[in-house]
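Okay, here's what each chain looks like letter by letter:
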Amino acid sequence: MGNTFFISLHDIHIESENISELLKKYHVPGKEIVQSLLLLEEILVRLYENAGQTAVVKVYRVFGSIKIAITAHGEEYNPFENLSVWDSESEEAIRNVIFIACRDRLSYLRRAGKNCISINVHDAGSKYMYFTFIGMILGIFFGFGMKFFPQAASAFIMEKIFSSIQSLFMNAISLLMIPVLFFSLVTGFSSFSGKNEMGRISSKVIAIFLFTTALSIFIAFGIGKLFFKGEISSLPENLTDFSIDVKTDGGFSLISILTGIIPKNLVIPIFEGNPLQVIFLAFFAGIAMTSLGDKVASIRNIFNEACSLVTKMMGMVMYFMPLIAFNSMAMLLFKNEINKIGRASCR
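Just so you know, these numbers come straight off a predicted model, no measurement behind them.

Chemist: Explain the overall build of the chain to me, please; I cannot follow it from the model alone.
Modeler: What the chain contains, in helices and strands, is twelve helices and five strands. Within the chain, the proportion of its 347 residues that are buried is 31%. Here the analysis covers contacts within the chain between residues at least 6 apart in sequence; of these, 71% occur between residues at least 24 apart. Looking at the chain as shown, the accessible area adds up to about 22400 Å², and 66% of this sits on carbon and sulfur atoms.

The structure is reproduced here in structure tokens:
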């Protein structure tokens, strides 16, 4: 039987058990299995009511994500159109509730005279890691291949297309970084039940921050030592556009860092993008809302909704990470001498 099932109206419950066992073998959480089977049974019933034919159900896995594909012959019929629950006592409204609740997991397509429906059973959080890794590999090959392109074409692709894509992505990250940091921290701090919990979580956050910072520095130095012994022949142009103003008047000290954590007003941290000041402001606002409790419940809800909004926006930007990985690796291998990188990696 494998992962393909031919299901008629009379076989729904029996085949649902078989599909449930298959999903368990894929280590799908029980809640997602129940929801997916409810969706599957309702879709099969509606397709049978529309055409009265056996449906073909396939369960497959792609990069850790589990999906159920349903195909059935018949007239064009999208069971997700015009979903309504206005008359909550009607049978149709009750049947629509599950579709409305799980609409983001369903998709419909009309293809080759068939109604094709897909159920997203389980979304693997690591799939974007696979896509990013594939993007890096493809970028390496493309960077090598660019050496054989005409010079004018290579210059146009690198300077006009790849540099523009990288600048757009970095601008989007810079746009959302401070709002995500601020709203997520305020939401987190304001949800603590007491000072003891806040102190315990805060110490863990600081410890994780210091550990990840040290690990990032170690990895960066390791990669630089391994691949870039000596001077780098060239860097992407947008990396050389930044200028750093370093003050040498002797005012840089631990005391100046500590006193600079507290901003002079509420808008300076946002406009200047100072992470330390944003963290302090979020921590201060979170403590205040925790102390006030239910008096600021409406404000807390606004911050929660704002956090969801900016987090979703950041997630939409991160969808392009595989493209950026491809873009960055291609630029790196094209603009630096590949033979030097190869010799350095062999030492």
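Chemist: What exactly am I supposed to notice about the sheet that holds strand β5 (residues 114-122) here?
Modeler: Adjacent strands of a sheet pair through backbone hydrogen bonds, lying either parallel or antiparallel. Within the open sheet, the five strands sit side by side as β1-β2-β3-β5-β4. Their pairing is antiparallel. In this open sheet, the two strands that pair with only one neighbour each are β1 (4-7) and β4 (106-111). With direction set aside, neighbouring strand axes in the sheet form an average angle of 20°. Relative to strand β3 (residues 65-73), strand β2 (residues 55-62) runs antiparallel, the two being bridged by seven bridges. Bridge pairing in β3 places K58 opposite A69. Along the sheet, helix α1 (residues 12-25) contacts β1, β2, β3 and β5; its crossing angle with β1, the most-contacted strand, is approximately 165°. Sheet contacts for helix α2 (residues 30-51): β1, β2, β3, β4 and β5; angle to β5, the most-contacted strand, approximately 170°.

Chemist: Help me understand the packing of aromatic side chains, please; the structure alone is not making it clear to me.
Modeler: Here the distance between the centres and the angle between the planes together describe a pair of aromatic rings. One pass over the full model with this rule turns up eight aromatic pairs. The interplanar angle of 70° and the centroid separation of 6.0 Å between the aromatic rings of F162 and F326 together place this pair among those described as edge-to-face. In this pair, F162 sits in helix α5 (residues 151-190) while F326 sits in helix α11 (residues 321-335), placing the two residues 164 residues apart along the sequence. Clustering of aromatic rings is evident, with ring pairs tying together F142, F149, F162 and F326.

Chemist: I'm lost on the packing of α1 against α2 in this one. Help?
Modeler: Relative orientation of the contacting elements α1 and α2 amounts to 145°, with a least axis distance of 11 Å. Here α1 runs over α2; the crossing is right-handed. When α1 is examined against α2, the residues I12, H13, S16, I19, S20, L23 and K24 are found in contact with a partner set consisting of I33, L37, L40, E41, L44 and V45. Its residues assigned to classes, the contact of α1 with α2 shows eight nonpolar, three polar and two charged.

Chemist: Would you explain helix α9 (residues 275-292) in this entry?
Modeler: With 18 residues, α9 extends 26 Å from end C-alpha to end C-alpha; this agrees with the ideal 26 Å at 1.5 Å per step. Among the residues of α9, Q277, V278, L281, A282, G286 and M289 are the ones counted as buried. Buried residues in α9, looked at end-on, bunch into an arc of 165°, giving them a common side. Relative to its buried face, α9 has exposed residues pointing more than 90 degrees away, namely F284 and S291.

Chemist: Is there a simple way to explain the packing of α5 against helix α10 (residues 297-318) in this structure?
Modeler: Helix packing geometry: the angle between the two helix axes and the distance between the axes. Following both chains from N to C, one finds α5 and α10 inclined at 150°, their axes separated by 8 Å at the closest point. Crossing of α5 over α10 shows left-handed handedness. Across the contact of α5 with α10, the residue classes break down as 18 nonpolar, five polar and one charged.

Chemist: Please explain the nonpolar core as it appears in this structure.
Modeler: Formed by 29 residues in total, the largest nonpolar core has its most connected members in I19 and I70. Sorting the residues of this core by element identifies β1, α1, α2, β2, β3 and β5 as the ones contributing at least two each. Tallying contributions element by element places α2 first for this core, with seven residues. Sequence-distant contacts of I70, defined by excluding residues within four places in its chain, comprise L40, I43, L44, L47, A55, V56, V57, N115, C116, I117 and I119. F182, L281, V296 and F303 belong to the second largest nonpolar core, which has nine residues in total.

Chemist: What exactly am I supposed to notice about empty space enclosed by the protein here?
Modeler: Gaps left between atoms are located by rolling a probe of water-molecule size over the structure's atoms. Per the counting criterion, the structure on display carries one cavity of 30 Å³ or more. The computed volume of the largest cavity comes to approximately 40 Å³. Around the largest cavity, the lining residues are I7, S8, L9, I12, L44, L47, Y48, Q53 and A55. Considered class by class, the residues forming the lining of the largest cavity number seven nonpolar, two polar and no charged.

Chemist: It is not clear to me how unusual backbone geometry should be interpreted in this structure. Could you clarify?
Modeler: Working note: non-glycine residues mostly have negative phi, and peptide bonds are mostly trans. Within the chain, H27 stands out as a residue other than glycine whose phi angle is a positive 65°. Here H27 shows up in the loop between α1 and α2. The exposure class assigned to H27 is exposed, which follows from its relative accessible area of 67%. Backbone geometry places A112, a non-glycine residue, at a positive phi of 55°. Among the secondary structure elements, A112 is positioned in the loop between β4 and β5.

Reading the values: the criteria
- Residues numbered from 1 in each chain as written.
- Predicted model: local features only at pLDDT ≥ 70, side-chain atom pairs only at ≥ 80, totals over all residues.
- Heavy atoms only, no water.
- Helix = DSSP H or I, 4+ residues; strand = E, 2+ residues; numbered from the N terminus.
- Buried < 20%, exposed > 50% of the residue type's maximum accessible area, 1.4 Å probe, protein only.
- Contact = heavy atoms within 4.5 Å.
- Areas by Shrake-Rupley, 256 points an atom, 1.4 Å probe, with all protein chains shown as cover.
- Pairing = 2+ DSSP bridges.
- Axes fitted to C-alpha atoms, helices over the stretch in contact; angles between N-to-C directions.
- Phe/Tyr/Trp six-rings, centres within 6.5 Å; stacked < 30°, edge-to-face > 60°.
- Left-handed = near helix turned anticlockwise from the far one by under 90°.
- Nonpolar A, V, L, I, M, F, W, Y, C, P; charged D, E, K, R; others polar.
- Expected span 1.5 Å × (residues − 1).
- Arc of directions from axis to C-beta.
- Core = buried A, V, L, I, M, F, W, Y, C linked by side-chain atoms within 4.5 Å.
- 1 Å grid on protein atoms, 1.4 Å probe; cavity = no way out; pocket = protein on both sides within 12 Å on 5 of 7 lines; lining within 4 Å.
- Points joined across faces, edges and corners; volume = space filled by probe spheres on them.

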